[in-house]
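A structural walkthrough
Chain by chain, the residues:
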Amino acid sequence: MNGFPVFRRHNTLFFLLLAPLFAACTFDYAGPESGAQTPDMALTQSRATRYQDGRRTMELYAGAMEIYSGEQLWAAEDISFTEFPAEGEETNSASAGFLLLDEQNEIYTLGGGVVFRMGEDGMTISGDALRWDKKREFLSSTGDGGIRITDGNVSVSGHGFAAGTQDRRYRFRGSVYGTITEESGTEESGNGEAP
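The paragraphs below set out a description of the structure included in this document.

Rules behind the numbers
Residues numbered from 1 in each chain as written. Predicted model: local features only at pLDDT ≥ 70, side-chain atom pairs only at ≥ 80, totals over all residues. Heavy atoms only, no water. Salt bridge = Lys/Arg side-chain N within 4 Å of Asp/Glu carboxyl O. Phe/Tyr/Trp six-rings, centres within 6.5 Å; stacked < 30°, edge-to-face > 60°. Helix = DSSP H or I, 4+ residues; strand = E, 2+ residues; numbered from the N terminus. Buried < 20%, exposed > 50% of the residue type's maximum accessible area, 1.4 Å probe, protein only. Lys NZ or Arg CZ within 6 Å of the ring centre and 35° of its normal. Core = buried A, V, L, I, M, F, W, Y, C linked by side-chain atoms within 4.5 Å. Contact = heavy atoms within 4.5 Å. Pairing = 2+ DSSP bridges.

Before going further, it helps to spend a moment on the pattern of salt bridges. What the rule picks out here adds up to four salt bridges. Note that Arg136 is salt-bridged to Asp133, the shortest N-O span being 3.7 Å. Bridged by salt links that share partners, the residues Arg47, Arg56 and Glu59 form one connected network.

With that settled, the discussion passes to the packing of aromatic side chains. In the structure shown here, the tally under the stated rule is four aromatic pairs. Between Phe81 and Phe116, the ring centres sit 6.3 Å apart and the planes meet at 70°, which makes this aromatic pair edge-to-face. You can see Phe81 sitting in strand β3 (residues 73–83) and its partner Phe116 sitting in strand β6 (residues 114–118), a full 35 residues away along the chain. Taking relative accessible area as the criterion, Phe81 reaches 1% and is therefore assigned buried. Considering the side-chain rings of Tyr170 and Phe172, the 6.0 Å spacing of their centres and the 80° angle between planes classify their relative orientation as edge-to-face. For the residue pair Tyr170 and Phe172, the accessibility class agrees, reading buried in each case. Through a chain of ring-to-ring contacts, three or more aromatic side chains come together here, namely Phe161, Tyr170 and Phe172. The residue whose ring lies beneath Arg56 is Phe84, and the NZ or CZ to ring-centre distance is 3.8 Å. Seen from the ring of Phe138, Arg136 lies directly overhead, with NZ or CZ sitting 4.6 Å from the centre.

Here Phe116 falls in the buried class, since its relative accessible area comes to 2%. Taking the C-alpha atoms as reference points, Phe116 and Phe81, separated by 35 residues in sequence, lie 9.6 Å from one another.

Here the focus is the nonpolar core. Phe116, Ile125, Leu130, Ile149, Phe161 and Phe172 are the most contacted members of the largest nonpolar core, which totals 31 residues. Sorting the residues of this core by element identifies β2 (55–68), β3, β4 (92–102), β5 (107–111), β6, β7 (123–127), β8 (130–133) and β10 (146–151) as the ones contributing at least two each. By residue number, the principal contributor to this core is β2, which donates five residues. Each residue touching Phe161, except ones within four places of it in the same chain, is listed here: Leu130, Leu139, Ser140, Ser141, Ile147, Ile149, Tyr170, Arg171 and Phe172.

Where β2 meets β3, 10 bridges bridge the pair, whose relative direction is antiparallel. The partner of Leu60 across the bridge, within β3, is Phe81. Of the pairings in the sheet, the one linking β3 to β4 comprises 10 bridges and is antiparallel in character. Bridge pairing links Glu83 to Asn92 in β4.

Strand residues, when the strand is regular, have side chains that alternate between the two faces of the sheet. In this structure, β7 lies alongside β10, joined through five bridges in antiparallel fashion. Note on β10: the bridge partner recorded for Ile125 is Ile149. The pairing of β10 with strand β11 (residues 154–159) spans six bridges and is antiparallel. The residue bridging Gly146 from the neighbouring strand is His159, located in β11. Remark: two residues form the turn of the hairpin made by β10 and β11, two consecutive strands paired antiparallel; Gly152 in that turn has positive phi of roughly 65°.

Below, the discussion takes up the environment of Asp78. By the element assignment, Asp78 lies in strand β3. Residue classification places Asp78 among the partly exposed positions, given a relative accessible area of 46%. Each C-alpha atom, one on Asp78 and one on Phe98, is 5.7 Å from the other, the two residues being 20 residues apart in sequence. Once you skip the residues sitting within four places of it in the chain, Asp78 turns out to touch Tyr61, Ala62, Gly63, Ala96, Gly97 and Phe98.

Structure below.
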């Protein structure tokens, strides 16, 4: 399905800005005697702000965050971040119940209810979970989780979501449901099978 553009080049970077900030695994510190691995660093109720040329460019919040340096893994719960682009541009933001980041393989998994708002595009992507493969520049849903894309008066939802950021296309595997709301407030809806 050739839908509305999913990403612009700078929106792709929005997803990647999380990489240097965090990632990992358990949030349960039973101690070394339990055999469970403990993180190299653990933070709670943390907020990080990124500045560039004296201007705030991004803010990240995590309810809990763990870093496992040896495995190059990070984990965070209750996360949200906001990008503050150049003055006059719309703000991008996202939130998720959790983030798992595999630095070595450059794979970022967000779950527990994910919402991305791309201000300049006026688009929102929401769903159960999303997986970003930085090396392939590929965003996809995980498992049977549903995804909903809203762009102005157009809303499309389905399962088996995949988007290549280079070709700026997205697709759904299986059934898809869409709604177009006219300015008058009337709706036209439809179901279909994705090719």
